[in-house]
Amino acid sequence: MTDPLLSLNNIEVIYNRVILVLKGLSIKVDEGKIVALLGANGAGKSTTLKAISGLLKPENGAVTDGSIVYKGQNIHNSDAAAIVRKGIFQVMEGRRIFEHLTVEENLRAGAYIQRNPMEARRRMQIVYEYFPRLNERKRQVAGFMSGGEQQMLAIGRALMANPKLILLDEPSLGLAPLLVQEIFRIIKRINQEQGMTILLVEQNANIALSVADYAYIMENGRVVLDGTPQDLTANADVREFYLGLTDVGHRKSYRDVKHYKRRKRWLS
Amino acid sequence: MLNTREKSFSLQGFLDNLQAYFAAKSWRWYLTLFGILAVMAYILNWFVPQAQDNPAAFVRYTYNGIAEGAILALVSVGLVLIYKATDVINFAHGEFMMLGAYIAYEMLVEFKVSFLGIDGLGLVPALIAAAVIMGLLGILVERLILRPLVGEPVISVIMVTIGLSSIIHAGVGLQWGTDAKTWQVRDTALADGILAQVPEVFPEDSEIRQDLETGAYEREIEGSRRPVRFQYDKVYIVLIVSVVILALIFFFKYSKQGIAMRATADDQQASLSMGISVKRIFAITWSIAAMTAGIAGLIVADTGGGAKTDIPGVGLRAFPVIILGGLDSIAGAIVGGLMIGLLEQYAVGYIDPLLQENFASLASASTKNVVPYLVLVVILMFKPYGLFGQKRIERV
Ligand SMILES: Nc1ncnc2c1ncn2[C@@H]1O[C@H](COP(=O)(O)OP(=O)(O)O)[C@@H](O)[C@H]1O
Ligand SMILES: [Mg+2]
């Protein structure tokens, strides 16, 4: 077996020197794959991505234990800019587009690490191929665009940097179901056509599992379950608490008791 | 879309509309506006000597106001840049201006620089030297004084800039003393050659005649006829400020670092996530701010009695400008600068004589420094964040 592109080994993350958020988390991301990281609100998914991309520091967080290995290199001491240059690009939760800049300027900001302006221009064409709507609106101030368009722009900005690994934090957040499907189709295409590896954080487990090659479920700063989407969708707990499906056939009283216990485990 | 629709007329609604209107304009639009104003002033200039009385006076005040406003705009742009990037108000900005003036003095008088072999054009290399040296100084200040303070409360950084202003003041006093350091380059400049043939733009008196033989304009002063000179120094102010602001606009609109600077002002963490070095952005910001301040200081000294230690007072006049325009808006700094400049001149031209004539006790009244603040207070009652200032875009 080849080494994974990225591995997090037993990492511990502490905010403000006291709040322990990740408590020995381990995940692996193989090259060329889409790996999903699922979990309820507050589980520590975004913290995991920020630990990888070096964005904890401005939030007064730090990796205090374990290691983050990318292409055989320890990266958890690198600063954010160095990590972007190594080929890891995080699309932050809530899109975080530059509101007062136009679409095109947002994309150019995404290409900040590209030294060659011709390459930046070429990449912009690639972005416009995936997101024709951005092309139509390229001179528009980004803050006035719809949520879906802003999400497209956030992903487009990542493409501009030509990363090896994209960290996508909740691309479905606040978007209408049809739009979510459209965006995930494009995410899958980017993964296949551009050969970019994607670590995908989602609360919407249904849609994430539909595109992922492998998935981790985390809870309270730890991984509690992992497997292929097939394995996970077969798991009764996952079906109930993450996919919103209920298996029929249980007796009601028994189910209620078990439900309470399981619920406590998943969501506490 | 901005929510600007209002049924009945209200000043708030009107200003909101105005703001939406201006916010939707591109940099090129502002540039054109600025250019048109400059050209208008210039053209009016040219034709007014023949006109008598008040229309000419109005144009003269407008012309002076635009020139004064251009300087204020240049000073304010630097303050706004620093505020946008770092949330810090730089209280050493006026001292940066003063340093620019002393650099110009050193170049012109001590080093006697000239340009294209003409002594009178020494201002060009002096200006470049002031810009370059101040740019480097800005980087130095950021590196040595402000970077160690990253993460500290903004108020401590502001206190440090106040300290810095005292240090610069003391240093200038030690080096150059407290007497004004003047230079007289423009008397030997092109003016004598070419521009002497051009009529003075807005003569204080209208006794201008054209000599039918030579075509030169003359006027009677104390019984003798003298050629009138074109007051080109104000045109050169507008010209220099336009060039600097144009350069800034291009920088922010098209260069990678300029776009990165605006991105950082919008969302620092997001720009970190794309590999933008926020440290470098801060350094560039301080560099540009110090550079524009230095150029402004040079202009103030050149048109107002040389390099002296009260130049930072002009920097203080920039504070109402940035509050009027909105602390975080560059367009606001430009429009605000022009507005305050014009208001000051109209106050001098219309309000002061009125008070002086009608009230014996106000024989030496000067409202120049009061009127801008009055207008400021009124505008802030309706737009607490200034005309253009607003951090968030609200989608409806
Ligand atoms: N900057 C921060 N300072 C302190 N605590 C934080 C910070 N960011 C996140 N946390 C805490 O860490 C936990 C995990 O947050 P997060 O990683 O954002 O979860 P998720 O993305 O899974 O919703 C939450 O309890 C949250 O309150
Ligand atoms: Mg999150």
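Read on for an overview of the structure. (Residues numbered from 1 in each chain as written. Chains lettered and ligands numbered in written order. Predicted model: local features only at pLDDT ≥ 70, side-chain atom pairs only at ≥ 80, totals over all residues. Heavy atoms only, no water.)

### A short note on the overall build of chain B
Here comes step 1: Secondary structure assignment for chain B yields 15 helices and 3 strands.
Here comes step 2: With 396 residues in all, chain B has 51% of them scored as buried.
Here comes step 3: Pairs at least 24 residues apart make up 74% of the contacts formed inside chain B by residues separated by at least 6 positions. (Helix = DSSP H or I, 4+ residues; strand = E, 2+ residues; numbered from the N terminus. Buried < 20%, exposed > 50% of the residue type's maximum accessible area, 1.4 Å probe, protein only. Contact = heavy atoms within 4.5 Å.)

### Examining the overall build of chain A
Here comes step 1: The helix and strand inventory of chain A stands at 11 helices and 10 strands.
Here comes step 2: In terms of overall size, chain A behaves like a compact globule, its C-alpha atoms giving a radius of gyration of 19 Å where 268 residues would be expected to give roughly 18 Å.
Here comes step 3: Across its three principal directions, the C-alpha atoms of chain A cover 65 × 40 × 40 Å.
Here comes step 4: The proportion of buried residues among the 268 residues of chain A is 52%.
Here comes step 5: Counting only contacts in chain A whose residues sit at least 6 apart along the sequence, the fraction spanning at least 24 positions is 69%.
Here comes step 6: Here chain A has roughly 12,200 Å² of accessible surface; of this, 47% comes from carbon and sulfur atoms. (Rg over C-alpha atoms; globule rule 2.2 N^0.38 Å. Areas by Shrake-Rupley, 256 points an atom, 1.4 Å probe, with all protein chains shown as cover.)

### What to know about the interface of chain B and chain A
Accessible area lost upon the coming together of the parts serves often as the stated size of an interface.
Here comes step 1: Counting residues at the interface gives 28 residues for chain B and 31 residues for chain A.
Here comes step 2: Taken together, the two surfaces of chain B and chain A that pack against each other cover about 2,700 Å², and 56% of this comes from carbon and sulfur.
Here comes step 3: The interface formed by chain B and chain A holds 3 salt bridges in total.
Here comes step 4: Note that Lys253(B) and Glu105(A) form a salt bridge whose closest N and O atoms lie 3.0 Å from each other.
Here comes step 5: At the surface where chain B touches chain A, the tally comes to 13 residue pairs in polar contact (both at pLDDT 80 or more).
Here comes step 6: Of all the secondary structure elements, the ones that give two or more residues to the side of chain B that touches chain A are α8 (232–254), α9 (256–266) and α10 (268–272) of chain B.
Here comes step 7: A total of 7 residues in the side of chain B that touches chain A trace back to one element, the largest contributor, which is α9(B).
Here comes step 8: Within the side of chain B that touches chain A, the residues separate by chemical class into 11 nonpolar, 8 polar and 9 charged. (Buried area = accessible area lost by both parts, 1.4 Å probe. Salt bridge = Lys/Arg side-chain N within 4 Å of Asp/Glu carboxyl O. Polar contact = N/O pair within 3.5 Å; in protein donor to acceptor, adjacent residues only side chain to side chain. Nonpolar A, V, L, I, M, F, W, Y, C, P; charged D, E, K, R; others polar.)

### Observations concerning the site of ligand 1
Residue and element names in this part refer to chain A.
Here comes step 1: Within the structure, ligand 1 sits among 13 residues, and Gly42, Gly44, Lys45, Ser46 and Thr47 are positioned closest to it.
Here comes step 2: Separating a nitrogen atom of ligand 1 from a side-chain N or O atom of Tyr15 is a distance of 3.4 Å.
Here comes step 3: One of the side-chain N or O atoms of Glu59 is found 3.1 Å from a nitrogen atom in ligand 1.
Here comes step 4: Elements with a contribution of two residues or more to the shell around ligand 1: β2 (19–29) and α1 (45–53).
Here comes step 5: In terms of residue count, α1 provides more of the shell around ligand 1 than any other element does, 3 residues in total.
Here comes step 6: The class makeup of the residues in the shell around ligand 1 is 5 nonpolar, 6 polar and 2 charged. (Near = heavy atom within 4 Å.)

### Observations concerning unusual backbone geometry
Residues and elements named next belong to chain A.
Here comes step 1: The backbone phi angle of Asn162 is positive, close to 50 degrees, even though this residue is not glycine.
Here comes step 2: Its place among the elements puts Asn162 in the loop between α6 (147–160) and β7 (165–169).
Here comes step 3: Judged by its relative accessible area of 38%, Asn162 is partly exposed.
Here comes step 4: Phi at Asn220 takes a positive value of approximately 55 degrees, unusual for a residue other than glycine.
Here comes step 5: Relative to the assigned elements, Asn220 resides in the loop between β9 (214–219) and β10 (222–227).

### Looking at the coordination of the magnesium ion (ligand 2)
Here comes step 1: Bound to the magnesium ion (ligand 2) are the protein donor atoms Ser46(A) (OG) and Glu93(A) (OE), situated 2.0 to 2.1 Å from the metal. Note that Ser46(A) is positioned in helix α1 and Glu93(A) in the loop between β6 (88–91) and α3 (103–110), a separation of 47 residues in sequence. (Donors = N, O, S within 2.8 Å, 3.2 Å for Na, K, Ca; no water.)

### Section: the pattern of salt bridges
Here comes step 1: All chains considered together, the criterion is met by 15 salt bridges over all chains.
Here comes step 2: Notably, a salt bridge pairs Arg137(A) with Glu149(A), separated by 2.6 Å at the nearest N-O pair. One end of the pair, Arg137(A), is in the loop between α5 (132–136) and α6; the other, Glu149(A), is in helix α6, and 12 residues separate them in sequence.
Here comes step 3: One network of salt bridges, with partners in common, ties together Glu105(A), Lys253(B) and Arg262(B).

### Some words on helix α7 (residues 177–193) of chain A
Here comes step 1: The terminal C-alpha atoms of α7(A) lie 24 Å apart, and with 17 residues this matches the ideal 24 Å at 1.5 Å per residue to within 8%.
Here comes step 2: Of the residues flanking the end of α7(A), it is Gly195(A), one or two places downstream, whose phi is positive at about 65 degrees. (Expected span 1.5 Å × (residues − 1).)

### So, the pairing of β7(A)
All names here are of chain A.
Here comes step 1: The element β7 is extensively covered by neighbouring structure, given that 5 of its 5 residues are classed as buried.
Here comes step 2: Burial of β7 is two-sided: the residues Leu165, Leu167 and Asp169 facing one way and the residues Ile166 and Leu168 facing the other way are all buried.
Here comes step 3: As paired strands, β6 and β7 are joined by 4 bridges and run parallel to one another. From the neighbouring strand, Val91 faces β7, where its bridge partner is Leu168.
Here comes step 4: Looking at chain direction, β7 and strand β8 (residues 197–202) are connected through 5 bridges and run parallel. (Pairing = 2+ DSSP bridges.)

### Digging into the environment of Gly389(B)
Residue and element names in this part refer to chain B.
Here comes step 1: Residue position: Gly389 is located in the segment after α15 (371–382).
Here comes step 2: Sequence-wise, Gly389 and Ile322 are 67 residues apart; in three dimensions their C-alpha atoms are separated by 9.2 Å.
Here comes step 3: Filtering out sequence-adjacent residues up to four positions away, Gly389 remains in contact with Gly325, Gly326, Asp328 and Ser329.

### Comments concerning the sheet that holds β10(A)
Residues and elements named next belong to chain A.
Here comes step 1: If you walk across this open sheet you meet the 6 strands as β6-β7-β8-β3-β9-β10, and the pairing is mixed. At either end of the open sheet lies a strand with only one pairing partner, and these are β6 and β10. On average, adjacent strands in this sheet sit at an angle of 20 degrees to one another, irrespective of strand direction.
Here comes step 2: Summarising the sheet, strand β3 (residues 34–39) and β9 pair through 5 bridges and their orientation is parallel. Each bridged residue has a counterpart across the sheet, and for Ala36 the counterpart in β9 is Ala215.
Here comes step 3: Strand contacts of α6: β6 and β7, with the helix running at about 170 degrees to β6, the strand carrying the most contacts. (Axes fitted to C-alpha atoms, helices over the stretch in contact; angles between N-to-C directions.)

### Regarding the packing of aromatic side chains
Here comes step 1: Under the defined criterion, the tally for this structure stands at 6 aromatic pairs over all chains.
Here comes step 2: Relative to Tyr216(A), the ring of Tyr214(A) has its centre 5.4 Å away and its plane inclined at 65 degrees; by these criteria the two rings are edge-to-face.
Here comes step 3: Looking at Lys256(B), its charged tip hangs above the ring of Tyr112(A), at a distance of 5.4 Å from the centre. (Phe/Tyr/Trp six-rings, centres within 6.5 Å; stacked < 30°, edge-to-face > 60°. Lys NZ or Arg CZ within 6 Å of the ring centre and 35° of its normal.)

### Some points on the packing of helix α5 (residues 123–146) of chain B against helix α11 (residues 278–303) of chain B
Residues and elements named next belong to chain B.
Here comes step 1: Viewed as axis vectors pointing N to C, α5 and α11 meet at an angle of 140 degrees, and their least axial separation amounts to 7 Å. If you check the angle between α5 and α11, you find them oblique. The hand of the α5/α11 crossing is right-handed. Residue-level contacts link Leu123, Ala126, Leu127, Ala130, Ala131, Met134, Gly135, Gly138, Ile139, Val141, Glu142 and Leu146 of α5 to Lys279, Phe282, Ala283, Trp286, Ser287, Ala290, Met291, Gly294, Ile295, Leu298 and Asp302 of α11. (Parallel < 35°, antiparallel > 145°, perpendicular 65-115°, else oblique. Left-handed = near helix turned anticlockwise from the far one by under 90°.)

### Details of a nonpolar patch on the surface
Here comes step 1: Residues Phe115(B), Leu116(B), Val124(B), Ile128(B), Val132(B), Leu136(B) and Ile139(B) make up a contiguous nonpolar surface patch of roughly 620 Å² in combined accessible area.
Here comes step 2: Of note, Leu136(B) is situated in helix α5. (Patch = residues over 30% accessible without salt bridge, like charges linked within 9 Å, V, L, I, M, F, W, Y side chains within 5 Å.)

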